[in-house]
Amino acid sequence: MDGTPDGKIKCTIGNWIGVVYKIPIKELDSCREREELKYSGVYFLIGASDKDSEPVIYVGQARSRKNGEGTNQRLNEHHSKSKDFFGQKR
């Protein structure tokens, strides 16, 4: 999406109606207006354990909401202004 290997990526697969996005947490705000992220979706939060730095994955689901937001708003709820989901300061 932005031409960098460690940046945002959009993936589509033939014969499947879903779309997969890889969005680094530092790029989350730049995707706020993406129409497809305003609907329901399944998402993965990937980080490291505070205790031993082992990989940790959280799987979540977001529904479309009456306010017109869905997955994007849910991701932003995980990533508050002070800390991200894994407790790391922004």
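What counts and what doesn't
- Residues numbered from 1 in each chain as written.
- Predicted model: local features only at pLDDT ≥ 70, side-chain atom pairs only at ≥ 80, totals over all residues.
- Heavy atoms only, no water.
- Helix = DSSP H or I, 4+ residues; strand = E, 2+ residues; numbered from the N terminus.
- Buried < 20%, exposed > 50% of the residue type's maximum accessible area, 1.4 Å probe, protein only.
- Contact = heavy atoms within 4.5 Å.
- Areas by Shrake-Rupley, 256 points an atom, 1.4 Å probe, with all protein chains shown as cover.
- Salt bridge = Lys/Arg side-chain N within 4 Å of Asp/Glu carboxyl O.
- Pairing = 2+ DSSP bridges.
- Polar contact = N/O pair within 3.5 Å; in protein donor to acceptor, adjacent residues only side chain to side chain.
- pLDDT = per-residue confidence, 0-100.

1. Remarks on the overall build of the chain
Next up, step 1: Scanning the chain for helices and strands turns up one helix and four strands.
Next up, step 2: For the chain, buried positions account for 28% of its 90 residues.
Next up, step 3: Sequence separation of 24 or more characterises 35% of the internal contacts of the chain that already satisfy a separation of 6 or more.
Next up, step 4: With the model as given, the accessible surface of the chain reaches about 6,700 Å², and the carbon-plus-sulfur share is 52%.

2. As for the pattern of salt bridges
Next up, step 1: Evaluated as defined, the whole model comprises five salt bridges.
Next up, step 2: Between Arg34 and Glu36 there is a salt bridge whose closest N-O contact spans 2.8 Å.
Next up, step 3: The partly exposed category is assigned to Glu36, whose relative accessible area is 32%.
Next up, step 4: A salt bridge links Glu77 to Arg74; its shortest N-O distance comes to 2.9 Å. Of this pair, Glu77 and Arg74 both sit in helix H1 (residues 71-78), separated by three residues, roughly a single helical turn.
Next up, step 5: Assessed through its relative accessible area of 39%, Glu77 is described here as partly exposed.
Next up, step 6: Arg74 sits in the partly exposed class, given a relative accessible area of 22%.
Next up, step 7: One continuous salt-bridge network, built from bridges that share partners, spans Glu33, Glu35 and Lys38.

3. A closer look at the pairing of strand E1 (residues 9-12)
The side chains of a regular strand alternate between the sheet's two faces.
Next up, step 1: As paired elements, E1 and strand E2 (residues 19-22) share four bridges and run antiparallel to each other. By the bridge assignment for E2, Thr12 is matched with Val19.
Next up, step 2: Where E1 hands over to E2, the hairpin turn is made up of six residues, of which Asn15 adopts a positive phi near 65 degrees.

4. So, the side chain of His78
Next up, step 1: With respect to the element layout, His78 can be found in helix H1.
Next up, step 2: Side-chain polar atoms of His78 contact the side chain of Tyr43, separated by 2.7 Å.

5. Considering H1
In an α-helix, one full turn covers 3.6 residues, which means residues spaced three or four apart are oriented alike.
Next up, step 1: For H1, a buried count of six out of eight residues is recorded, marking the element as mostly surrounded by other parts of the structure.
Next up, step 2: Along H1, the residues classified as buried are Thr71, Asn72, Gln73, Leu75, Asn76 and His78.
Next up, step 3: Turning to H1, the residues buried within the fold contact strand E3 (41-48) and strand E4 (55-62).

6. Let's talk about the confidence of the model for the chain
Where the model shows low pLDDT, its predicted coordinates should not be examined in detail.
Next up, step 1: Of all residues in the chain, 89% attain a pLDDT of 70 or more, and the chain-wide mean is 83.
Next up, step 2: Ranking the helices and strands of the chain by mean pLDDT puts E1 first, with 91, and H1 last, with 85.

7. Notes on the environment of Lys38
Next up, step 1: Relative to the helices and strands, Lys38 resides in the loop between E2 and E3.
Next up, step 2: Distance in space between the C-alpha atoms of Lys38 and Gln73 is 7.6 Å, their sequence separation being 35 residues.
Next up, step 3: The contact partners of Lys38, leaving out residues within four places of it in the chain, are Arg32, Glu33, Ser64, Gly68, Glu69 and Gly70.

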